[in-house]
Amino acid sequence: MTTSNKRDLIAAIPTGLFIGGQWVEAQSGKRCDVIDPATEDVIASIADGGAEDAERAIEVAAAVQDSWARTAPRARSEILRRAYEQMMERQDELASIITAEMGKPLAEARGEVAYAAEFFRWFSEEAVRIGGDATVSGDGRTRIIVSKAPVGPCVLVTPWNFPLAMGTRKIGPAIAAGCTMVFKPAHLTPLSSFALVEILREAGLPDGVLNVVCSSDPGSVVEPWMRSGKARKVSFTGSTAVGVRLLEQASQHIMRSSMELGGNAPFIVFDDADVDAAVDGLMIAKLRNMGEACTAANRIFVQRNVADEFARRLTERMSALVVGDGIDPATQIGPLIEPKAVEKVISLVSDAVRRGARILCGGQAPEGRGYYFPPTVLVDVDPESELMSTEIFGPVAAVIAFDDECDAIRLANDTQWGLVGYAFTQDVDRAFRLQEAIEVGMLGINTGLVSNPAAPFGGVKESGLGREGGRTGIEEFLEVRYLALPRSIPANV
Ligand code: NAD
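Rules used throughout
Residues numbered from 1 in each chain as written. Predicted model: local features only at pLDDT ≥ 70, side-chain atom pairs only at ≥ 80, totals over all residues. Heavy atoms only, no water. UniProt positions renumbered as here; feature names shortened; annotations may be inferred. Helix = DSSP H or I, 4+ residues; strand = E, 2+ residues; numbered from the N terminus. Near = heavy atom within 4 Å. Polar contact = N/O pair within 3.5 Å; in protein donor to acceptor, adjacent residues only side chain to side chain. Areas by Shrake-Rupley, 256 points an atom, 1.4 Å probe, with all protein chains shown as cover. 1 Å grid on protein atoms, 1.4 Å probe; cavity = no way out; pocket = protein on both sides within 12 Å on 5 of 7 lines; lining within 4 Å. Sits in = over half its atoms within 2 Å of the grid points. Buried < 20%, exposed > 50% of the residue type's maximum accessible area, 1.4 Å probe, protein only. Pairing = 2+ DSSP bridges. Right-handed = clockwise from strand over helix to strand, strands pointing away. Core = buried A, V, L, I, M, F, W, Y, C linked by side-chain atoms within 4.5 Å. Contact = heavy atoms within 4.5 Å. Axes fitted to C-alpha atoms, helices over the stretch in contact; angles between N-to-C directions. Parallel < 35°, antiparallel > 145°, perpendicular 65-115°, else oblique. Left-handed = near helix turned anticlockwise from the far one by under 90°. Salt bridge = Lys/Arg side-chain N within 4 Å of Asp/Glu carboxyl O.

Caption draft 1: Just the UniProt feature "domain: Aldehyde dehydrogenase" (unreviewed entry) in the protein chain, in detail. Here the UniProt-annotated "domain: Aldehyde dehydrogenase" (unreviewed entry) positions come out as residues 23-481. In this annotation, residues 23-481 is assigned 40% helix and 20% strand; the end-to-end C-alpha distance for the span is 36 Å.

Caption draft 2: A look at the site of the ligand. Taken together, 28 residues lie around the ligand, and Thr-158, Arg-169, Ser-239, Leu-261 and Glu-391 are the ones closest in. Contact between the ligand and Arg-169: an oxygen atom at 2.7 Å from a side-chain N or O atom of the residue. Between an oxygen atom of the ligand and a side-chain N or O atom of Lys-184, the distance comes to 2.9 Å. Burial of the ligand by the surrounding chains reaches 87%, relative to a free accessible area of 840 Å². Among the cavities detected, the one that contains the ligand is the largest pocket.

Caption draft 3: Quick look at the pairing of strand E18 (residues 420-424). Taking burial as the measure, the five residues of E18 include five buried ones, the bulk of the element. Side chains Val-420, Tyr-422 and Phe-424 project from E18 onto one buried face, and the interleaved Gly-421 and Ala-423 project onto a second face that is buried too. As defined by bridge partners, strand E12 (residues 265-269) adjoins E18 across three bridges and the pair is classed as parallel. Counterpart to Val-269 in the pairing with E18 is Phe-424. Where E18 lies against strand E19 (residues 442-445), four bridges are found, and the strand directions are parallel. Residue pairing across strands places Ala-423 opposite Ile-445, the latter belonging to E19. Once you follow E18 into helix H14 (residues 428-437) and on to E19, the crossover reads as right-handed.

Caption draft 4: Summary view of the nonpolar core. If you look at the biggest cluster of nonpolar residues, it comprises 136 residues, and the most contacted ones within it are Ile-171, Phe-310 and Leu-314. In contact with Ile-171, other than residues within four places in its own chain, are Phe-120, Leu-156, Met-181, Phe-183, Leu-196, Leu-200 and Leu-210. Ranked by size, the runner-up nonpolar core spans 24 residues in total, among them Ala-47, Ile-58, Ala-61 and Val-155.

Caption draft 5: Expanded view of the packing of helix H3 (residues 73-89) against helix H5 (residues 106-127). H5 packs onto H3 with a crossing angle of 160 degrees between their chain directions and a minimal axis gap of 8 Å. One element, H3, and the other, H5, form an angle in the roughly antiparallel class. Considering how the two elements wind past one another, H3 and H5 form a crossing that is left-handed. Across the interface between the two elements, Pro-73, Ser-77, Leu-80, Arg-81, Ala-83, Tyr-84, Met-87 and Met-88 from H3 touch Val-113, Ala-114, Ala-116, Ala-117, Glu-118, Phe-120, Arg-121, Phe-123, Ser-124, Glu-125 and Ala-127 from H5.

Caption draft 6: Expanded view of the pairing of strand E16 (residues 396-402). Most of E16 is tucked away, with six of its seven residues classed as buried. Bridge analysis of strand E13 (residues 297-303) against E16 gives four bridges, and the strand direction is parallel. From the neighbouring strand, Val-302 faces E16, where its bridge partner is Ala-401. In this sheet, E16 lies alongside strand E15 (residues 376-379) in parallel orientation, the contact comprising three bridges.

Caption draft 7: Up close: the pattern of salt bridges. One pass over the structure, following the stated rule, counts 31 salt bridges. The salt bridge involving Arg-313 is made with Asp-276; its shortest N-O contact spans 2.8 Å. In this pair, Arg-313 is assigned in helix H11 (residues 304-319) and Asp-276 in helix H10 (residues 275-287), connecting sequence segments 37 residues apart. One continuous salt-bridge network, built from bridges that share partners, spans Asp-272, Glu-405, Asp-429, Arg-430 and Arg-433.

Caption draft 8: Region of interest: the sheet that holds E19. The strand order E14-E15-E16-E13-E12-E18-E19 describes an open sheet built from seven strands, whose pairing is mixed. The sheet is open, and its two edges are formed by strand E14 (358-361) and E19, each paired on a single side. For this sheet, the mean inter-axis angle between neighbouring strands, taken without regard to orientation, is 25 degrees. Its contacts with the sheet put H11 on E12, E13, E14, E15 and E16, and the angle it makes with E13 is roughly 135 degrees.

Caption draft 9: Quick peek at helix H8 (residues 218-227). Taken together, the buried positions of H8 are Val-221, Val-222, Pro-224, Trp-225 and Met-226. Where H8 is buried, its residues meet helix H2 (51-69), strand E7 (154-157), strand E8 (181-184), strand E10 (233-237) and helix H9 (240-252). Directly after H8, the chain includes Gly-229, whose backbone phi takes a positive value near 80 degrees.

Caption draft 10: Molecular detail of the sheet that holds strand E5 (residues 133-136). On the basis of which strands lie adjacent, the open sheet formed by three strands has the order E5-E6-E22 and antiparallel pairing. Edge positions in the sheet fall to E5 and strand E22 (478-486), since each has one partner strand and no second. Each strand of the sheet is rotated relative to its neighbour by a mean of 20 degrees, with strand direction disregarded. Sheet topology note: the E5/strand E6 (residues 142-150) ladder contains four bridges and is antiparallel. Paired with Ala-134 across the two strands is Ile-145, which belongs to E6.

Caption draft 11: Structural detail: the side chain of Thr-425. Within the element layout of this structure, Thr-425 appears in the loop between E18 and H14. For Thr-425, a relative accessible area of 2% translates into the label buried. Polar side-chain contacts of Thr-425 include one of 2.9 Å to the side chain of Asp-272. A distance of 3.4 Å separates polar atoms of two side chains, one belonging to Thr-425 and the other to Arg-430. Among residues more than four places away in sequence, those in contact with Thr-425 are Phe-270, Asp-272, Ala-273, Arg-430, Ala-431 and Asn-446.

The structure is reproduced here in structure tokens:
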């Protein structure tokens with residue numbers, strides 16, 4: 001893609017707030033810039049929403065809820081199906097938008113579009129399969145009829161790191177269930193969400209079902225939604241700190257809450273593992289999204305007798321990666337999202353080195369434009385280092401040796417988070433033991449990738465509440481209603 005093609009593509013995306021089916025300016029008239037992290041260029045200016053805009057959006061969502069809930073499941077399903085098809089038809093275009101606003105290499109951005117679109121296909125299939133239950137009470141005197149209803153207007157808030165997929169993972173099940181939405185994407189990466197709005201509109205989504213307000217002051221938009229008493233559910237993906245704040249706000253009106261929060265994933269390599277397969281797995285688990293993923297392997301534990309060999313092969317692979325602007329097809333590692341992110345990675349690496357870690361490759365941010373940090377391997381990392389208890393969110397692999405299975409499990413569980421873990425072993429019995437022992441919502445055995453629209457994504461401990469995707473994904477947007485009917489015993493004929 002040439003620079004002028006990229007400019008034309010971005011110029012065609014609406015940049016307002018989307019309320020009641022119209023693109024409008026913020027009432028304050030304010031706008032904020034969107035920056036390409038590879039070049040530091042301003043690529044767009046978007047409407048910067050505030051409290052008055054938020055209030056209008058939630059009023060519209062609440063007003064439309066009843067009529068939307070009455071729409072036939074098949075109609076909702078077909079909107080999602082058409083949107084899925086459009087997304088796949090426009091995969092390259094959407095990928096270029098993601099790369100321009102977020103920095104990930106184009107090939108990964110294409111992967112994100114396919115992943116994001118698949119949530120729409122999956123939930124188009126779920127929309128027509130919303131189940132219920134009919135049973136009889138223990139004493140035989142009551143018929144118990146259980147049905148499901150949309151929970152009501154939903155507040156959706158997403159992060160910048162998967163700007164398209166984090167949105168479709170919430171919008172898909174909300175549409176399938178019959179919920180209206182107020183949606184705040186991250187202001188660092190709003191453009192792919194705006195492009196998605198246009199796709200949903202063309203697919204036939206009625207006005208007012210999805211309302212989008214972006215803001216450089218997120219609390220000024222989200223808090224009025226939470227306090228309004230009109231929203232019945234919040235679905236949030238982002239940091240644990242913001243999740244805690246939203247749960248406090250949700251408690252005021254007892255809102256249903258789904259929280260996809262931070263992680264601190266252990267990646268464990270046992271000495272019976274195929275070391276090359278483990279390195280392959282880590283290249284995905286560590287470097288997907290430049291390490292800026294909640295699922296990123298944050299703490300790499302390798303059994304002592306294979307630790308040197310593993311680190312050597314990993315260093316060979318990591319140091320060969322091409323770092324650059326993601327729009328160049330040769331690029332394998334793009335920039336981080338913003339200067340603050342680079343500063344954080346520099347500080348975590350310096351802390352680890354101060355505590356005795358050795359750098360096998362990378363380790364220093366380059367000079368020049370763009371928010372880059374190179375793929376870095378650290379060994380002999382002290383378990384007390386800050387990067388063991390903080391999401392690194394960068395391409396830094398911190399390797400620590402362990403002695404036996406008990407040691408590995410103890411290290412893996414020594415964190416308040418529990419989103420995902422990875423383990424490489426040839427021992428099937430051990431794989432099942434690990435699933436029982438490691439405190440995570442998702443465990444990958446001999447794979448560095450667990451994200452799958454057909455699977456329940458989510459964490460335990462401080463990594464969150466609820467699940468997205470899979471059969472459970474739609475349940476988060478439905479509430480259970482039960483009807484009691486007195487029952488007379490049929491006569492004996
Ligand atoms: P963040 O918590 O700073 O922001 C997430 C969203 O919340 C953004 O839209 C932001 O504008 C909004 N926000 C920020 N402050 C707010 C406030 N006071 N009130 C309401 N909304 C507010 O997180 P981030 O830096 O955008 O994303 C990175 C974090 O997200 C990491 O912790 C990562 O692990 C997590 N994450 C989790 C998952 C998951 O599925 N578990 C997926 C992706 C990212």
